[in-house]
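Read off the chains here:
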Amino acid sequence: MTEKSALPKKTRELHSHHFDSTIWNDLIFRDDDIIISTYGKSGTTWVQQIIGQLLFDGRSDLEVAEMSPWLDLRVPPKEVKLPIVEEQSHRRFMKTHLPVDALRFSANAKYLYIGRDARDVVWSLYNHHSNANQTWYEALNDTPGLVGPPIEPPPDDIRQYWRDWFERDGYPFWPFWENVRSWWAIRDLPNVNFIHFNHLKHDMPGEIRKIANFLEIPIQESSWEKILEHCSFDWMKKNATKSVPLGGAFWDAGAQVFINKGVNNRWKDTLSQEESAEYEKRAEAELGAECARWLATGEEAD
Ligand code: A3P
């Protein structure tokens, strides 16, 4: 990067039942760091798995959730997490769910941002939240460092869950629109790359090659078939304890709950046309037409 002044600046901290953004202030960046960013439920784990597979030539025994921590999750606290990350000797690939302006941004690290239609995100989030067990609530609500209200169990009705999330911008998690908007604004930086869940679904091999190219990871062609197999939905579901946080300890039904269905449009049977249209109108107002189109489809203007 030549224009250092064009780098995004950190302007605020985010604290909640999930977040402690201050960890980024203390991280000593390495030039080859990889940061995987999403709002959440958008294919974060999938891309972590892809990067693990690329870095380690299709090995089947990688514990990706441990190798690739969610830095801004406030448990375990930064005093525990940072030394672990500092000790890593492999190329680091860390995850964040923060908007750009709550991050300290490196000119040399490479950033991957993954988008998914918010309706798919919320359907995935509902599965995540409604299956969470007591251990999850205790980790988020009963540990030191909680700022703001605790997270409550979701309503039984998924439509109500959607309405709460939509009307209160991300409730009870974190704001959605600012997350997408802040990343979209820096998409042209040379160390930022955009991916879309739909593209991963439609052409995973092509997308993996693009990711490898962006990250400058040479692909061992002899490992290619293994890489594809280990990034497939079926393999990841079967081996979910390796890629899902804490091996799935936050869900009584185990890690397979997290690698749930891997498909879009499940909201179509529930949301009315009016509700969907209301969402689409809001997306355009919040993001602008071009970004809203990208978020819904993965397509950018020609
Ligand atoms: P669903 O709940 O819709 O099934 P994140 O890792 O950002 O939390 O995203 C989780 C979503 O990614 C879940 O979506 C999960 O099933 C999906 N996912 C993870 N690995 C996948 C894969 N290999 N293929 C398709 N979807 C995958």
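Here we summarise the structure given alongside this text. (Residues numbered from 1 in each chain as written. Predicted model: local features only at pLDDT ≥ 70, side-chain atom pairs only at ≥ 80, totals over all residues. Heavy atoms only, no water.)

1. Considering the overall build of the protein chain
When its secondary structure is counted, the protein chain shows 15 helices and four strands. Summarising its shape, the C-alpha atoms of the protein chain cover approximately 50 × 50 × 45 Å along the three principal directions. Per-residue burial over the protein chain gives 55% buried out of 302 residues. For the protein chain, long-range pairs separated by at least 24 residues make up 76% of all intrachain contacts whose partners lie at least 6 apart in sequence. Roughly 13500 Å² of accessible area belongs to the protein chain as shown, and the carbon and sulfur atoms make up 49% of that amount. When the 35 basic and 47 acidic side-chain charges of the protein chain are each reduced to a single mean position, those positions are 1 Å apart. (Helix = DSSP H or I, 4+ residues; strand = E, 2+ residues; numbered from the N terminus. Buried < 20%, exposed > 50% of the residue type's maximum accessible area, 1.4 Å probe, protein only. Contact = heavy atoms within 4.5 Å. Areas by Shrake-Rupley, 256 points an atom, 1.4 Å probe, with all protein chains shown as cover. Lys, Arg positive; Asp, Glu negative; His and termini not counted. Charge placed at Lys NZ, Arg CZ, Asp CG, Glu CD.)

2. What to know about the site of the ligand
In the vicinity of the ligand there are 21 residues, among which Thr44, Thr45, Ser124, Gly262 and Arg266 approach most closely. Note that an oxygen atom of the ligand is positioned 3.0 Å from one of the side-chain N or O atoms of Lys41. Contact with the protein chains covers 98% of the free accessible surface of the ligand, which is 580 Å². Ranked by residues supplied to the shell around the ligand, first place goes to helix H2 (residues 44–55) with three residues. In terms of residue class, the shell around the ligand is made up of eight nonpolar, nine polar and four charged. (Near = heavy atom within 4 Å. Polar contact = N/O pair within 3.5 Å; in protein donor to acceptor, adjacent residues only side chain to side chain. Nonpolar A, V, L, I, M, F, W, Y, C, P; charged D, E, K, R; others polar.)

3. Some thoughts on the pattern of salt bridges
Considering all chains together, one arrives at 19 salt bridges under this definition. The shortest N-O distance in the salt bridge between Glu207 and Lys210 comes to 3.0 Å. With Glu207 and Lys210 both in helix H10 (residues 204–215) and three residues apart, the pair spans about one turn of that helix. For Lys210, a relative accessible area of 52% gives the class exposed. One salt bridge connects Lys226 with Glu229, and the closest N-O pair in it is separated by 3.4 Å. In this pair, Lys226 and Glu229 are both assigned in helix H11 (residues 224–231), three residues apart and thus about one turn of the helix distant. Given a relative accessible area of 43%, Lys226 falls into the partly exposed group. (Salt bridge = Lys/Arg side-chain N within 4 Å of Asp/Glu carboxyl O.)

4. Some details on the packing of aromatic side chains
A complete count under the given rule lists 30 aromatic pairs for this structure. Each ring, one from Trp162 and one from Trp165, has its centre 5.6 Å from the other, and the planes form 25°; the classification is stacked. With a gap of three residues between them, Trp162 and Trp165 both fall in helix H7 (residues 158–167), about one helical turn apart. By relative accessible area, which is 0% here, Trp162 ends up buried. Stacked on the ring of Phe197, the Lys or Arg Arg116 has its end atom at 3.7 Å from the ring centre. (Phe/Tyr/Trp six-rings, centres within 6.5 Å; stacked < 30°, edge-to-face > 60°. Lys NZ or Arg CZ within 6 Å of the ring centre and 35° of its normal.)

5. Digging into the side chain of Ser276
Looking at the element boundaries, Ser276 is found in helix H14 (residues 273–287). A residue is classified by how much of its surface remains accessible, and Ser276, at 9% relative accessible area, is buried. Polar side-chain contacts of Ser276 include one of 3.1 Å to the side chain of Arg119. With sequence-adjacent residues up to four places away left out, Ser276 is seen in contact with Arg119, Trp267 and Leu271.

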